[in-house]
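Residue strings, one per chain:
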Amino acid sequence: MIIKRFRAENFRNIEKCDIEFSPGVNLLYGKNAQGKTNVVEGIYYFSRGKSFRGREDKELVRFGEAGFRIKLDFSSGTGDESLEYAMFGKERLRKKNDYKITKITEMIGSFKAVLFYPDDLGLVKDGPEERRGFLNVAAAACYSPYIRYYSDYKKALENRNCILKMLQKGLPIDPRELESWSDSVAEYASHIFVFRNDYIKKLEVYAKKVLSDISDGKEELNLEYESDISLGITERSAVKSEYERILSENLDREMAAGVTLFGPHREDIEIKINGKSARSFASQGQQRSIVLALKLAEGEVIKEICGEYPVFLFDDVLSELDSERRRYILSGSEGKQIIITSC
Ligand code: ATP
Ligand code: MG
């Protein structure tokens, strides 16, 4: 996948820009606060369907303006493609290959990118929600139904939690209502589990190799999916039964808590370096290497599943790496487009 051109108007501090990119390594350099990360943010918007920083689209509008427009031209295995997004007040305009589309979900999935930016260093040391966020974005890029299952799961979970709250307060509830939401939660959770389990196994293979390469074979990486479900259970219907069993066996605890205590929203990935928890023991340099390994591996898994590399966006992280690691990234850049920003 190769970005050919990125255009923006009134996006963040960018009044207007029109940038052409080359295959291979591209360097965006400039002074602090010139707008380099803003360009990366605009490009990556098309990969996730939202900004990777800030929660609302209106934050992206240039101060004093009424709206913004961004457009990306790229080529993939299926040919030349374009995506466009604009917002003016409450209006939203989305186009794919110059045809209007209505749903954001029609936009996501065609442009694939892997982003690595300084906050990603939290992936190793921060709480599980950081790693779940990484996992959701990465798995969604590989398995097209993932996002739908995940959003259905969250809706069902919210409803189930509402009922648990009512039970906690002693309000009368038809038991069939809880049963029905438990069934939906277990159903969606089982799909998510199967995707995550498969994804983490694939990711581990590549990430292990990168870390070993950049540490001269001294460091071994292991990724373990931390789920309430035993990882040996791979059949989807068996996973669902297992979730149902866990939910029903722990109903008293969940009623007392007024919230669902088990499932994908509580899962994590345990990252181990040389057999020990990276969260507790990895040094700063090791954390950087681990995140680099995860990001490069994320790209390899996309290539394995989708048949081509995503675009790699490295925002302000190369300067943090030593020259050997930089060389490693650049020597492995064949067949990849990499966009690097730097001061
Ligand atoms: P650095 O090298 O420090 O990372 P950068 O070139 O990546 O700098 P950006 O993060 O892209 O800089 O931000 C450039 C400027 O855009 C910042 O000064 C920021 O305040 C400004 N900015 C952010 N949002 C908006 C907005 N909605 N309207 C106008 N300016 C904005
Ligand atoms: Mg920046």
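The following refers to the structure shown.

About the criteria used
- Residues numbered from 1 in each chain as written.
- Chains lettered and ligands numbered in written order.
- Predicted model: local features only at pLDDT ≥ 70, side-chain atom pairs only at ≥ 80, totals over all residues.
- Heavy atoms only, no water.
- Near = heavy atom within 4 Å.
- Polar contact = N/O pair within 3.5 Å; in protein donor to acceptor, adjacent residues only side chain to side chain.
- Areas by Shrake-Rupley, 256 points an atom, 1.4 Å probe, with all protein chains shown as cover.
- Nonpolar A, V, L, I, M, F, W, Y, C, P; charged D, E, K, R; others polar.
- Helix = DSSP H or I, 4+ residues; strand = E, 2+ residues; numbered from the N terminus.
- Buried < 20%, exposed > 50% of the residue type's maximum accessible area, 1.4 Å probe, protein only.
- Phe/Tyr/Trp six-rings, centres within 6.5 Å; stacked < 30°, edge-to-face > 60°.
- Lys NZ or Arg CZ within 6 Å of the ring centre and 35° of its normal.
- Patch = residues over 30% accessible without salt bridge, like charges linked within 9 Å, V, L, I, M, F, W, Y side chains within 5 Å.
- Salt bridge = Lys/Arg side-chain N within 4 Å of Asp/Glu carboxyl O.
- Lys, Arg positive; Asp, Glu negative; His and termini not counted.
- Charge placed at Lys NZ, Arg CZ, Asp CG, Glu CD.
- Core = buried A, V, L, I, M, F, W, Y, C linked by side-chain atoms within 4.5 Å.
- Contact = heavy atoms within 4.5 Å.
- Pairing = 2+ DSSP bridges.
- Axes fitted to C-alpha atoms, helices over the stretch in contact; angles between N-to-C directions.

Residues in close proximity to ligand 1 total 17 residues, the closest being Ala33, Gly35, Lys36, Thr37 and Val61. In the model, a nitrogen atom of ligand 1 is placed 3.2 Å from a nitrogen or oxygen of the Arg12 main chain. A distance of 3.0 Å is found between a nitrogen atom of ligand 1 and a backbone nitrogen or oxygen belonging to Glu59. Within the complex, the protein chains bury 75% of what would otherwise be the 650 Å² of accessible surface of ligand 1. Broken down by class, the residue content of the shell around ligand 1 amounts to 4 nonpolar, 6 polar and 7 charged.

Bringing unusual backbone geometry into the picture now. A positive phi is found at Asp216, a non-glycine position, where the angle reads about 55 degrees. Note that Asp216 resides in the loop between α6 (175-214) and β9 (221-226). A relative accessible area of 61% places Asp216 in the exposed class.

All right, on to the packing of aromatic side chains then. Within a pair of aromatic rings, the relevant descriptors are the distance that separates the centres and the angle that separates the planes. Following the criterion strictly, the structure yields 16 aromatic pairs and no others. Both rings, one in Tyr45 and one in Phe46, keep their centres 6.3 Å apart while their planes meet at 75 degrees; by these two values the pair is edge-to-face. Between the aromatic rings of Tyr149 and Phe195, the centroid separation amounts to 6.4 Å while the plane-to-plane angle is 40 degrees, which identifies the pairing as tilted. In this pair, Tyr149 is assigned in helix α5 (residues 146-168) and Phe195 in helix α6, connecting sequence segments 46 residues apart. Members of the aromatic cluster, connected to one another through ring pairs, are Tyr143, Tyr146, Tyr149, Tyr150, Phe195 and Tyr199. Sitting over the face of the ring of Phe312, Lys336 holds its NZ or CZ atom 5.2 Å from the ring centroid.

Once that is clear, we can look at a negative patch on the surface. On the surface, a cluster of negative charge is contributed by Asp119, Asp126, Glu129 and Glu130. Counting through the fold element by element, Glu129 comes out in helix α4 (residues 128-142).

Let's shift gears to the pattern of salt bridges. Using the criterion set out here, one finds 28 salt bridges in the structure. The residue Asp120 makes a salt bridge to Lys295 at a minimum N-O spacing of 3.6 Å. Within this pair, whereas Asp120 is found in the loop between β8 (113-116) and α3 (122-125), its partner Lys295 is found in helix α10 (residues 284-306), the two being separated by 175 residues in sequence. Taken as a pair, Asp120 and Lys295 share a single burial class, namely buried. A salt bridge links Glu242 to Arg245; its shortest N-O distance comes to 2.7 Å. With a gap of 3 residues between them, Glu242 and Arg245 both fall in helix α7 (residues 236-249), about one helical turn apart. The class for Glu242 is buried, based on a relative accessible area of 18%. Given the relative accessible area of 36%, Arg245 is considered partly exposed.

Another point: the nonpolar core. Counting 62 residues, the largest nonpolar core has Tyr199, Leu203, Leu223, Ile290, Leu294 and Phe314 as its most contacted members. For this core, the leading source of residues is α6, giving 13 residues. Phe314 has contacts with Phe116, Leu296, Ile329, Ile338, Ile339, Ile340 and Thr341, leaving out every residue within four places of it along the chain. In terms of nonpolar packing, the next biggest core, distinct from the first, is built from 35 residues, Met1, Leu28, Leu83 and Met107 among them.

Turning our attention to the sheet that holds strand β12 (residues 311-315). Here 4 strands make up an open sheet; going across it, the order is β3-β13-β12-β8 and the pairing parallel. Unpaired on one side and paired on the other, β3 (25-29) and β8 mark the two borders of the sheet. Going across the sheet, the axis of each strand differs from the next one's by a mean of 15 degrees, ignoring polarity. Direction of pairing for β3 relative to strand β13 (residues 338-342): parallel, over a ladder of 5 bridges. From the neighbouring strand, Asn26 faces β13, where its bridge partner is Ile339.

With that out of the way, let us pick up the pairing of strand β1 (residues 2-11). In this sheet, strand β4 (residues 67-76) lies alongside β1 in antiparallel orientation, the contact comprising 7 bridges. Its bridge partner lying in β4, Arg7 is registered against Lys71. Where β1 hands over to strand β2 (residues 14-20), the hairpin turn is made up of 2 residues, of which Arg12 adopts a positive phi near 50 degrees.

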